[in-house]
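A closer look at the structure
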Amino acid sequence: MSAGFASASTRGVGCCSQTAFRNAYEGGSPRAGALKASRDANLRMLEEDMDHARQGIRSMERAFRNALNLRNDPEFYRSNYGVLVNNILWRADRCEAHSFSAKYFARTHPPVVVELLIDASGSPISRQPMAALQSYMFSAALSRFQIPHRVISCCTYGGHTVLRRFRDYNDKPEPDRKILEYRAASNNRDGLALAAAGVDLLKRREDHKIIIFWGSDSEPENERILYGTSFLCIRQ
């Protein structure tokens, strides 16, 4: 699956390609100007706080690594056979029990996959550059630790719940910077966005699936009441 956009609506299915979105930045229309202004504000905050951003990325990477390494520590069990335990060999002629070996179990961290869903409704508009920067840092830290993750934003526009994908699960680190094109506007339907984001997440083979809703104020609001069945379509 390599989606640029996903759109869910009661009226049917609507899709928009990455090429169409790129074209939206071109020209002198008010919409193109607003998109460029949002992107420039996000990039400006990153440039102004580059040192703090790099430190934050390293700190989050260490936190992820430490959390998973706690589950990586090997386990030893005393046994009548297995690996010889050198520091208790002195007991060989001093006790009746001759259990001087142990079984060693190496544990690897369980497979983890992360879905980062960013609220792109109007509620975080006052802190949009900060939300974009924080999302970028979080994604970059996951990329450095090579944890598969997808980053998408969600909002409601014209009766559709629109999901924009910035990066996919197995992408290289380069697409992380696309998150800085994040723009807050319109309304939202949190429940439908979560359901749509979970469709592909549940298909993943990793044992541990984590979904994070970033920036939501937990007050979903839509400009109109929608009825019927919602559809999901994802296309390049």
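Before reading further, recall that the structure is shown in the block above.
Looking at the layout of surface pockets
Its boundaries defined by the atoms lining it, the second largest pocket holds a volume of some 240 Å³. Around the second largest pocket, the lining comprises 12 residues; the ones closest to its centre are F64, L68, V112, I147 and I210. By residue class, the composition of the lining of the second largest pocket is 10 nonpolar, one polar and one charged.

A short note on the pattern of salt bridges
For the coordinates displayed, the defined rule picks out eight salt bridges. The salt bridge partner of E61 is R144, with a shortest N-O separation of 2.7 Å. You can see E61 sitting in helix α3 (residues 50-69) and its partner R144 sitting in helix α4 (residues 128-144), a full 83 residues away along the chain. Of the residues examined, E61 reaches a relative accessible area of 12% and is grouped as buried. Given the relative accessible area of 45%, R144 is considered partly exposed. The partner of R150 in a salt bridge is E115, with the nearest N and O atoms 2.7 Å apart. In this pair, R150 is assigned in strand β6 (residues 149-157) and E115 in strand β5 (residues 112-119), connecting sequence segments 35 residues apart. The same class applies to R150 as to E115, namely buried. Several salt bridges share partner residues, and in doing so they unite E61, R65 and R144 into one network.

Some details on the pairing of β6
Of all nine residues that make up β6, eight are buried, and the element is covered over most of its length. Where β5 and β6 come together, six bridges link them in parallel fashion. Across the sheet, residue D119 finds its bridge partner in β6, namely C154. One crossover worth recording links β5 to the parallel β6 by way of α4, and it is right-handed. Strand direction decides the pairing type here: β6 and strand β7 (residues 160-167), joined by seven bridges, are antiparallel. Looking at the pairing, T156 lines up with T161 of β7. Linking β6 back to β7 in an antiparallel pair, the connection comprises two residues, with G158 at a positive phi of about 60°.

Section: the nonpolar core
With 29 residues, the main nonpolar core has F64, I118, L133, Y136, I147 and Y182 as its most contacted residues. Of all the elements in the fold, those that place two or more residues in this core are α2 (30-48), α3, β5, α4 and β6. The leading source of residues in this core is α4, at nine residues. Leave out the neighbours within four places in its chain, and I147 touches F64, L68, V112, V114 and L142. Counting seven residues, the second-largest nonpolar core is a separate cluster that includes I152, A193, A196 and A197.

Calculation notes
Residues numbered from 1 in each chain as written. Predicted model: local features only at pLDDT ≥ 70, side-chain atom pairs only at ≥ 80, totals over all residues. Heavy atoms only, no water. 1 Å grid on protein atoms, 1.4 Å probe; cavity = no way out; pocket = protein on both sides within 12 Å on 5 of 7 lines; lining within 4 Å. Points joined across faces, edges and corners; volume = space filled by probe spheres on them. Nonpolar A, V, L, I, M, F, W, Y, C, P; charged D, E, K, R; others polar. Salt bridge = Lys/Arg side-chain N within 4 Å of Asp/Glu carboxyl O. Helix = DSSP H or I, 4+ residues; strand = E, 2+ residues; numbered from the N terminus. Buried < 20%, exposed > 50% of the residue type's maximum accessible area, 1.4 Å probe, protein only. Pairing = 2+ DSSP bridges. Right-handed = clockwise from strand over helix to strand, strands pointing away. Core = buried A, V, L, I, M, F, W, Y, C linked by side-chain atoms within 4.5 Å. Contact = heavy atoms within 4.5 Å.

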